[in-house]
Amino acid sequence: MMLRSPTTLWVLLVFQGACTGFFVYDAVLDARQGAAMDGPIAQMLENMIAGALVVGTVITGLSLRHVLGRQKRLEQQLDLASGAFEQVLQEHFDDWGLTPSERDVARLAIKGLSIAEMADLRGSKEGTIKAQSAAVYRKAGVSGRLQLLSLFIEELMAEPIIAGRSGGT
């Protein structure tokens, strides 16, 4: 079972910490009172378990901090990539001199909509969408939708999204 909610992970960490605290408190109390269950071996075992619980709780907390930090960095990269893609689109559309209608059709083509879907969405005829698509491809200097999309993908993949970071985590 994969736990993905940060709230759930925090609740589990707090619960684990409370159990660890209780077990450590019990072990210290037993040691002070000399009330070992079955002598020094049982007391040593209880102390080892308490130590393992402390270490486990610390490791869980550090792991949670690492996961949440990584999640935040990935979200920032995704936001940056979305903004970068929008900026790249606008720059190319400006360079190509696309009309507002051609920009809409280009965006829908990049999103993968069919001619019929674009016509339905825009309230136009398929012939109009085909003519606008042809104008976009001509102005972009490409032969079709896949080449149009590849222009943008290639440009975004040319450099890492965040300076100083490569493909590693």
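Treat the numbers as computed from the prediction; the structure is a model and nothing was measured.

Peer 1: Explanation requested: the overall build of the chain in the structure shown.
Peer 2: When you go through the chain residue by residue, the secondary structure sums to six helices and zero strands. By residue count, 22% of the 169 residues in the chain fall in the buried class. Counting only contacts in the chain whose residues sit at least 6 apart along the sequence, the fraction spanning at least 24 positions is 57%.

Peer 1: What should I look at first to understand the packing of helix H4 (residues 115-122) against helix H5 (residues 126-140) in this one?
Peer 2: Packed helices, taken two at a time, are described by the angle between their axes plus the distance between the axes. With their axes 8 Å apart at the nearest point, H4 and H5 run at an angle of 110° to one another. Considered as vectors, H4 and H5 are oriented roughly perpendicular to each other. Contact with H4, carried on its side by Ile-115, Ala-116, Met-118, Ala-119 and Arg-122, involves Glu-126, Ile-129, Lys-130, Gln-132 and Ser-133 of H5 and no other residues of that element. Looking at the contact of H4 with H5 residue by residue, the classes come out as five nonpolar, two polar and three charged.

Peer 1: What should I look at first to understand the packing of aromatic side chains in this one?
Peer 2: Think of a pair of aromatic rings as described by two things: how far the centres are apart, and how the planes are tilted against each other in angle. Here the structure, examined in full by the defined rule, presents one aromatic pair. Relative to Trp-96, the ring of Phe-93 has its centre 6.2 Å away and its plane inclined at 45°; by these criteria the two rings are tilted. Placement of both Phe-93 and Trp-96 in helix H2 (residues 40-96) is noted, with a separation of three residues, approximately one turn of the helix. Taken as a pair, Phe-93 and Trp-96 share a single burial class, namely buried.

Peer 1: When you look at a negative patch on the surface in this model, what are you seeing that I'm missing?
Peer 2: Together, Glu-91, Asp-95, Glu-154 and Glu-155 give the surface a local cluster of negative charge. Sorting the residues of the negative patch by element identifies H2 and helix H6 (145-157) as the ones contributing at least two each. On the secondary structure map, Asp-95 appears in helix H2.

How each quantity is defined
- Each chain carries its own residue numbering, running from 1 in the direction its sequence is written.
- Local features in this predicted model are restricted to residues of pLDDT 70 or higher, and side-chain atom pairs are both shown and tallied only at a pLDDT of 80 or more, whereas totals for entire chains, interfaces and linings draw on every residue.
- Only hydrogens and water are removed before side-chain values are computed, so all heavy atoms of the structure are retained for them.
- Numbered from the N terminus, helices here are DSSP runs of H or I no shorter than four residues, and strands are runs of E no shorter than two.
- Categorising residues by exposure relies on relative accessible area from a 1.4 Å probe, with only protein chains included: less than 20% of the type maximum marks a residue as buried, more than 50% marks it as exposed, and the intermediate range marks it as partly exposed.
- Every residue pair with non-hydrogen atoms within 4.5 Å of one another is taken to be in contact.
- Angular values range over 0 to 180 degrees, each being the angle between N-to-C directions of two axes fitted as lines to C-alpha atoms, with helices fitted over their stretch in contact.
- Comment on the angle field: the value is read as roughly parallel under 35 degrees, roughly antiparallel over 145, roughly perpendicular from 65 to 115, and oblique elsewhere.
- Charged means Asp, Glu, Lys or Arg here, nonpolar means Ala, Val, Leu, Ile, Met, Phe, Trp, Tyr, Cys or Pro, and polar covers whatever is left, Gly included.
- Within 6.5 Å between ring centres, the rings of Phe, Tyr and Trp (the latter by its six-membered ring) count as paired, and their orientation is classed by plane angle as stacked under 30 degrees, edge-to-face over 60, tilted in between.
- Surface patches are defined over residues having more than 30% relative accessible area and no salt bridge, joining like charges when they lie within 9 Å and nonpolar side chains (Val, Leu, Ile, Met, Phe, Trp, Tyr) when within 5 Å.
- Each accessible area is a Shrake-Rupley estimate made with a 1.4 Å probe; only the visible protein chains count as cover when residues are assessed.
- A side-chain nitrogen of Lys or Arg and a carboxyl oxygen of Asp or Glu constitute a salt bridge if their distance falls within 4 Å.
- A positive count includes Lys and Arg, and a negative count includes Asp and Glu. His and the chain ends are not counted in either.
- The atom standing in for a charge is NZ when the residue is Lys, CZ when it is Arg, CG when it is Asp and CD when it is Glu.

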